[in-house]
Amino acid sequence: MSLPYGPLMRGLAVSWCYDRIEEGLSSLQNPSQAMVFTQGSRVIGRERLDPRAVLMSQGPTAVLHVGSIILSNAAGYGGRELIYDKGTIVHTGTGTEEVSLTGSHAGNNRFVIEITASGTVGTDGQYQLRKTPWTGSDWGTEAEVSSGEILVDGKIAVSNGFIFCFEVGQSVVAGDTYSWETAAYRVLNRRIRDAVIPVTVEIEVQTEDEAVGEGGYVDQLMLMFAHKRLTAELYDGHYEEVKEEMTSMSVTPVDQGEQRIYRIDLVIKYTGKVFMADVSPLITLTEYEDPEIYY
């Protein structure tokens, strides 16, 4: 776990634009109908290309570049967001998979329930519950929370009303573990901005046929990045429209020693909203009794 404490950006961020373009390029086909770009591979560079790709690749390469971003104030307000993620249970061993988490929780912790004696839920079986707190930068020290017989209803209190539930009648096996991580944090809105982000894509290919032949990269790119309306998550559960439009494209032959390659330059403009916020851990308040005052 690494909770996103500090600044947070969602919506039309530069990384979102890069992801979208890489997704599109990954569907390009050469004249042999082979997929020439693989999303996340070294043949696509963000701002710069991995030099190993230039030496090793016999196919096309691409570099994505953002030179300017236009930001302006936007109407709307994301408000405060409280996020509680109870996590997903990971089971190891041969015992029952019929388990669940219910109730509420606070804090960011790693929990492990280990079965210490086999049995049938509702009749017998023993457990040990351990917790490791998240310090904000690393995991703390693991400590036992509780242990003993599994209750007849199969429920184990974890903390703050949070309940781990075994289904009654199911078998538990000594040595099995059930682990999960909880997250609780607060997102405080900083601002929502309108954004225009033009991305320059520089593609280098080996042959003229690949570049401008019938059904070549130019034809595919014109269809791929035609005017579209997409969506991006602005804040939790709220999506905003993003407009994608290719505004220019050119093809230029370039001589590299005795070899001629073809460079395709295109500009793809994205228009939408970007959400910027501060994220902090959600702290559980401790209640103190009022001291007695004697007169």
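Scroll up for the structure.
Because the structure is a prediction, the values reported are computed rather than measured.

(A) Seen up close, the nonpolar core. Grouped together as the largest cluster of nonpolar side chains are 36 residues, with contacts concentrated most on Leu-25, Val-199, Ile-203, Leu-221 and Phe-225. For this core, the secondary structure elements donating two or more residues are helix H1 (14-25), strand S3 (61-66), strand S15 (177-205), helix H4 (217-224), strand S16 (228-235), strand S17 (238-256) and strand S18 (259-281). No other element matches the seven residues that S18 contributes to this core. Setting aside residues no more than four positions away along its own chain, Val-199 makes contact with Cys-17, Tyr-18, Ile-21, Leu-64, His-65, Val-66, Leu-266, Val-267, Ile-268 and Tyr-270. The next biggest cluster of nonpolar side chains, apart from the first, holds 17 residues, and it includes Leu-101, Ile-113, Leu-129 and Tyr-178.

(B) Structural view of the sheet that holds strand S13 (residues 162-166). Spatially, the three strands line up as an open sheet ordered S7-S13-S12, and their pairing is antiparallel. Across the chains shown, the open sheet's two edge strands, defined by having one partner strand only, are strand S7 (99-102) and strand S12 (155-159). Taking the axes of each pair of neighbouring strands and ignoring which way they run, one obtains an average angle of 20° across the sheet. Bridge analysis of S12 against S13 gives four bridges, and the strand direction is antiparallel. Residue pairing in the sheet places Ser-159 in a bridge with Phe-162 of S13.

(C) Quick look at the side chain of Glu-210. Along the chain, the position of Glu-210 falls in helix H3 (residues 208-212). It turns out Glu-210 is buried and unbridged, and the closest side chain with the opposite charge, Arg-260, is 13 Å from it.

(D) Molecular detail of the packing of aromatic side chains. One pass over the full model with this rule turns up seven aromatic pairs. Look at Phe-164 and Phe-166: their rings are 4.9 Å apart centre to centre, the planes differ by 75°, and that puts the pair in the edge-to-face class. Under the relative-accessibility criterion, Phe-164 is labelled buried at 0%. Ring geometry for Phe-166 and Tyr-178: centres 5.4 Å apart, planes at 85°, overall edge-to-face. Here the residue Phe-166 occupies a position in strand S13, and Tyr-178 occupies one in strand S15, the gap between them amounting to 12 residues. In textbook terms, an aromatic cluster arises when at least three aromatic residues are bridged by ring pairs, as seen for Phe-111, Phe-164, Phe-166, Tyr-178 and Trp-180.

(E) Main features of H4. Those residues of H4 lying buried are Tyr-217, Val-218, Gln-220, Leu-221 and Met-224. Angularly, the buried residues of H4 cover 160° about the axis, an arc narrow enough to put them on a single face.

The rules behind each value
- Residues numbered from 1 in each chain as written.
- Predicted model: local features only at pLDDT ≥ 70, side-chain atom pairs only at ≥ 80, totals over all residues.
- Heavy atoms only, no water.
- Core = buried A, V, L, I, M, F, W, Y, C linked by side-chain atoms within 4.5 Å.
- Buried < 20%, exposed > 50% of the residue type's maximum accessible area, 1.4 Å probe, protein only.
- Helix = DSSP H or I, 4+ residues; strand = E, 2+ residues; numbered from the N terminus.
- Contact = heavy atoms within 4.5 Å.
- Pairing = 2+ DSSP bridges.
- Axes fitted to C-alpha atoms, helices over the stretch in contact; angles between N-to-C directions.
- Lys, Arg positive; Asp, Glu negative; His and termini not counted.
- Salt bridge = Lys/Arg side-chain N within 4 Å of Asp/Glu carboxyl O.
- Phe/Tyr/Trp six-rings, centres within 6.5 Å; stacked < 30°, edge-to-face > 60°.
- Arc of directions from axis to C-beta.

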